[in-house]
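# Examination of the molecular architecture
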Amino acid sequence: RMYRARFEEALPDGLTIQQIRGKEGIRVREAYARASRETGVPWTGRSYQRQQWSVADPVNRALSAANSCLYGICHAGIVSAGYSPAIGFVHTGKMLSFVYDVADLYKTDLAIPVAFQAAADGAQDIEQRVRRVCRDVFYSQRLLARIVPDLHRLLEIPMLDQDNISWDEDEALPGGLWGPEEGT
């Protein structure tokens, strides 16, 4: 389901995980190529070396900055829903594997276009500009509000109807805060 959610068209039954990963690679490469065509920013491939940040071209620095912002908001959504950021389905072996899984659901629609547009607007202060635009785009797209329902849908967990919960009926639901006026 984590892979299927990335594709507009249904994946054929019977594909191996390697075949699905191959299709995912093609989808992401096409997103980079499309963003390059739309913005006029040359694209020679993803290149990032943490120790040599300034060596990367502006679009790769912008992509790293946009992805970092996306990882942060996805991490917040995952933790707020009570899930572990480390237990990934697609990515594994990292403390943020699930964060990377979830971020990949939104990366081609949000982070990649923001990064390429920022690179098209020039290299000066590109990381700072990307962070601001990500903030604005994530807000306008209501990304944080979408993450938990998307996770529940993917994990097939029914959503609680917050408006119809009687908080006094279920002892496992959070209660009120303790205060000295309650006498306990």
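Reading the values: the criteria
Residues numbered from 1 in each chain as written. Predicted model: local features only at pLDDT ≥ 70, side-chain atom pairs only at ≥ 80, totals over all residues. Heavy atoms only, no water. Helix = DSSP H or I, 4+ residues; strand = E, 2+ residues; numbered from the N terminus. Buried < 20%, exposed > 50% of the residue type's maximum accessible area, 1.4 Å probe, protein only. Salt bridge = Lys/Arg side-chain N within 4 Å of Asp/Glu carboxyl O.

So, about unusual backbone geometry. Its identity as a non-glycine residue notwithstanding, D125 has a phi of 55°, on the positive side. With respect to the helices and strands, D125 occurs in the loop between α4 (111–120) and α5 (126–140). Take D125: its relative accessible area is 46%, and that puts it in the partly exposed class. Residue R142 is not a glycine yet carries a positive backbone phi of 55°.

Another aspect to go through is the pattern of salt bridges. Following the criterion strictly, the structure yields five salt bridges and no others. One salt bridge connects E24 with R27, and the closest N-O pair in it is separated by 2.8 Å. Taken together, the residues span about one helical turn, with E24 and R27 both in helix α1 (residues 17–39) at a distance of three residues. R27 sits in the buried class, given a relative accessible area of 16%.

Purely geometric stuff here, so don't read any function into it on its own.
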